[in-house]
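# A structural walkthrough
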Amino acid sequence: MTEGSALVPTASTGGPLLTVTDLEKHFPVRQGILWERTVGYVKAVDGVSFSIPEGKTLGLVGESGSGKSTTGYCILQLLKPTGGTIRFQDTELTTLKGEDLRRARQHMQIVFQDPYSSLDPRMTVGSIVAEPLEVHRIGTRKGRTERVRRLLEVVGFNPNFTNRYPHEFSGGQRQRIGIARALALSPKLIVCDEPVSALDVSIQAQILNLLKDLQRDFGLTYLFISHDLAVVRTMADEIAVMNQGKLVEVGAAEEVYLHPKDEYTRALFTAVPVPDPRRQRERKAERARLRLDRATGM
Amino acid sequence: MALLDVQNLKTYFYTREGAVQAVDGVSFSVEVGRTLGIVGESGCGKSVTALSIMGLIPRPPAKIVDGAVLFDGRDLTKLSEHELEDVRGKEIAMIFQDPMTSLNPTFKIGTQITETLRRHFDISKAAARLRAVELLEEVGIPDAAARLDDYPHQFSGGMRQRVMIAIALSCQPRLLIADEPTTALDVTIQAQILDLLERLRVERQMALLIITHDMGVIAEVADEVAVMYAGQFVERAPALELFDNPEHPYTEALLGALPQLEGSGIREGRLTAIPGRPPDLVDLPEGCRFAPRCPYDGLDSCASRPQELREVRPGHLVRSAHPASARGHAREPVAT
Amino acid sequence: MAVNPRQATTLQPQTAAPPLAETAGAPIRQSSLWRDAYRRYLRNKGAVASAVVFLIIVLYCLFIPGFWFIPGIWTTLFDIDPNQVNFAEARLPPSFEHPFGTDQFGRDLFTRVAKGGQVSIGIGFAATIAILLIGVTYGSISGFVGGTLDNAMMRFLDALYGLPYLPFAILALAIIGTVNFWTMVLALTIASWFTAARIVRGQVISLKENDYVRAAHAVGARWHRVLTRHLLPNTLGVLIIATFLELPAVVLGEAFLSFIGLGINPPDPSWGSLASEARQGYRTHPLDLWIPCLFIAALVLCANFIADGLRDALDPRTRET
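Here the structure is a predicted model, which means the values were calculated and not measured.

Scoring rules and cut-offs
Residues numbered from 1 in each chain as written. Chains lettered and ligands numbered in written order. Predicted model: local features only at pLDDT ≥ 70, side-chain atom pairs only at ≥ 80, totals over all residues. Helix = DSSP H or I, 4+ residues; strand = E, 2+ residues; numbered from the N terminus. Rg over C-alpha atoms; globule rule 2.2 N^0.38 Å. Buried ≥ 20, exposed ≤ 12 C-beta atoms within 10 Å, placed from the backbone. Contact = placed C-beta atoms within 7 Å. Pairing = 2+ DSSP bridges. Nonpolar A, V, L, I, M, F, W, Y, C, P; charged D, E, K, R; others polar. pLDDT = per-residue confidence, 0-100. Axes fitted to C-alpha atoms, helices over the stretch in contact; angles between N-to-C directions. Core = buried A, V, L, I, M, F, W, Y, C linked by C-beta atoms within 7 Å.

Below, the discussion takes up the overall build of chain A. Broken down by element type, chain A carries 10 helices and 10 strands. For 298 residues, the compact-globule estimate of 2.2 N^0.38 gives 19 Å, and the C-alpha radius of gyration of chain A, at 21 Å, lies within 12% of that figure. The C-alpha extent of chain A, read off along each of the three principal axes, is 65 × 55 × 50 Å. Looking at chain A as a whole, 53% of its 298 residues are labelled buried. Long-range contacts, defined as pairs at least 24 residues apart, comprise 67% of the intrachain contacts of chain A with a sequence gap of at least 6.

Right, let's talk about the pairing of strand β1 (residues 16-31) of chain A for a bit. Regular strands show a simple pattern: their side chains alternate between the two faces of the sheet. Residues and elements named next belong to chain A. The pairing of β1 with strand β2 (residues 37-53) spans 13 bridges and is classified as antiparallel. The residue bridging R30 from the neighbouring strand is T38, located in β2. Both β1 and strand β4 (residues 83-88) contribute to a ladder of five bridges, which runs antiparallel. Its bridge partner lying in β4, E24 is registered against G83.

Counting from both sides, the interface comprises 39 residues of chain B and, opposite them, 34 residues of chain A. Of all the secondary structure elements, the ones that give two or more residues to the side of chain B that touches chain A are α8 (187-204), α9 (215-221), α10 (239-244) and α11 (249-257) of chain B. For the side of chain B that touches chain A, the class distribution of residues is 22 nonpolar, nine polar and eight charged.

This part covers the confidence of the model for chain C. Residue and element names in this part refer to chain C. Looking at chain C, the pLDDT average stands at 82 and 89% of residues meet or exceed 70. Highest mean pLDDT in chain C belongs to helix α10 (residues 211-219) (93); lowest belongs to helix α1 (residues 5-8) (33). Predicted confidence for residues 1-24 stays below pLDDT 50, and this span has 36 contacts to residues more than four positions away or in other chains.

A few words now on the sheet that holds strand β3 (residues 35-39) of chain B. Either a parallel or an antiparallel arrangement is found when strands of a sheet pair, and the pairing is made through backbone hydrogen bonds. Residues and elements named next belong to chain B. As summarised here, the arrangement of the eight strands in space is β6-β7-β8-β3-β9-β10-β12-β11, forming an open sheet in which the pairing is mixed. Whereas interior strands pair on both sides, the edge strands pair on one side only; in this sheet they are β6 (92-95) and β11 (310-313). Recorded for the sheet is a direction-independent mean angle of 20 degrees between the axes of neighbouring strands. In this sheet, strand β10 (residues 232-238) lies alongside strand β9 (residues 224-229) in antiparallel orientation, the contact comprising six bridges. Bridge assignment links A226 to a residue of β10, and that residue is R236. With respect to the sheet, helix α7 (residues 157-169) is in contact with β6 and β7 (175-179), its orientation differing from that of β6 by roughly 170 degrees.

Before going further, it helps to examine the nonpolar core. Membership of the largest hydrophobic core comes to 261 residues, with the highest contact counts inside it found for V129, A180, L223 and F224 of chain A, L175 of chain B together with I306 of chain C. Here this core gets 13 residues from one element, more than from any other, and that element is helix α5 (residues 109-145) of chain C. Other than its neighbours up to four places away in sequence, V129 of chain A contacts V148, L151, L152, I177, A180, R181 and A184 of chain A.

Now for the sheet that holds strand β1 (residues 4-15) of chain B. Residue and element names in this part refer to chain B. One open sheet holds the four strands; their spatial order is β2-β1-β4-β5, and the pairing between them is antiparallel. The open sheet has two edge strands with one neighbour each: β2 (18-30) and β5 (74-75). Where β1 and β2 come together, nine bridges link them in antiparallel fashion. Bridge pairing links L4 to V30 in β2.

Now the structure itself:
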């Protein structure tokens, strides 16, 4: 069974898998009743640059409105960037069109945040996971069924339930289905857009462990988008911090967590409550100090 | 005497599939000026507990089948709707999770505040407006007088939550119930809101009952903590004690499953996942409710016996046959 | 530990997959969306009663006079021809053979009302299906493509909305020239496809925001696949409800046109034309007018109740997530 034609060389070159340079996504703001004029732009992503080495995870953190999800969508060409370049191995993604783009999509997939809206309620679990294979005409019907079963097993979902519908399963189980779908085409890069934000803590841990295992077993590269700094700490090798469309800090995870250089990064880190009352009191004092330093009101 | 004393509260939802035992025998008390945090995952019954206290559960299909909610000695479950309305807002106030939907989008916020004030106090519109401006300033909204005439959509999420807090505090309640007050907010705003709540609580000597799924928030604000699972408290202790010496296997697992922000070796490590899923509240197991997911389940036949809450350390109650202190290994504080 | 990317595609993990016991295996609720909806519908007594009455009316119209090659119950039993004029039997009071009596031409009203129902309901269904087809096409293209095309298409629709329904239908009929079953279907369709188009467009626009649509794009699905595989099946619920809302409007439209004489020509009956014929003798024989009118009213009322019941049954808010 063919795995789909490879648009990019399969051997790891050791260089970064993904390099984003000066990425921009500006949304025009239109006004007017009959003739809509563009009165300004919302700069959701405003000059973001980073790269991800193969097999590693870059954690993209920021609060709501920072543009992190938009960045992820731009990389996958789900939104057309208004500026910048995106280099995926040796291919420039922003100039791809049509068939070339479709073929490139096999190498980069996405796991969504909301387990309820990310699966088509009218499709069975089996057809949801099989869809990527169908779209790219990979394998025969029987071969696809077999592959779907294996994919579901790998993500810890009972493969005997391929005839059921998403609404019959819990949030954690649905996320597993979503992950299986993302793995179907054996991508090299997976954008995880807040994959555990909608899950309970105990289920979060299961899914995060699963993502870690999959990365190790299949050599996956992750762009892990999240607002939860603790989650990113456990997943990311490198971390990039976004604020209002701009990248304010990027670097090795340990470095950034222990010695944040940017003021916003520091404010972000001290704001996260940790499950330790004594430590939390210290952090509160730290926060107060930062506030005094900044001397800007809320 | 405790300000709020909940005794063996049981709230069931009667549905086609059967009786959902959302809250099944919960007891706790909140003292004046203290904060109790109820922590648990979704579906454990913590929100229903809060709503039951306020009498805000939909009846039918819900019903408080047993127990008492004593506020200042009065049993709230026995009050009529009319009497409850006098209590709500004035004695006990509640703030909710989603500031988008808890404020009426068609009314100016000034109106929403003055409406509450005039419901409970006999004051003129002008006096109410003045008080409203004071309140907005107290919760840290700049340019308060002008903002009175703005609509909710003209405020950001954090601001809206502040407005909600202002409305809640307008009538000087003695108890504030906060149901996931910061879950929908960005982390920096969350910190500000928690700081605000703490400041106001101390200033007014209010009791605070905070409901959340976030252990970090608990660590930040709670004096005492109750861990809830499948409609019951499985552990209850002062906050420091709980984090230092978690006794119940669920609490331990919950703390172990939390991604750590501080420490070393985090990237390489694995989180302690709790296998399985919380039980269906309609179809609860006969004995211990946590048994199917408990790592100590096989030690003896404790799974078949429903466990009671008992004191294993001073002031520290646990509902388990195998609390950590009985298991024999040394406890280490959670802080790294 | 370096993993050969080629090896990665054969799905042989280097460690065993977590045991299924550790992860939640079985579905947490086993039900079908349709069965849930069916049960919810049954709880609505009014909707159930309406569905029963609706069914009875339809069966009555089909089987009393017969249709296609199937002989009618009444026509064979009593050897009646609904169009046969027979002055000897004019104005008979209701009897067993003629439950509704006979009209001024001696024709049995029981079978005539049923035959009229075939025409009225037939036009109703045919036009409704046509409306839905056109509406779905127009609305889904508009909603799916979005942007300026959507804008243009909707402004065009807004302009058409301004035209009054029945005069528009009359105009359409006048332009077409002849009046028969199919031209009426055409005219009524032309005059009222806008609502369906709008409903479908609204649904498509809101469905487009779902992550599963983005997922389909991310996988490389082409637009027609996204539309037919993901968007349209999820509009099914809304379409079913729209059917039962359009149907009464069309039936009323046909009845009105026939009543004022612009509809089905005699001797073929339709409910509207029956009412029209009964108008002159109303004072002495009110029943002849009342009966077709009551049937129209009953059908319209039932269809509305059914639509209401369906809307509640299929309401995504009460649906389990």
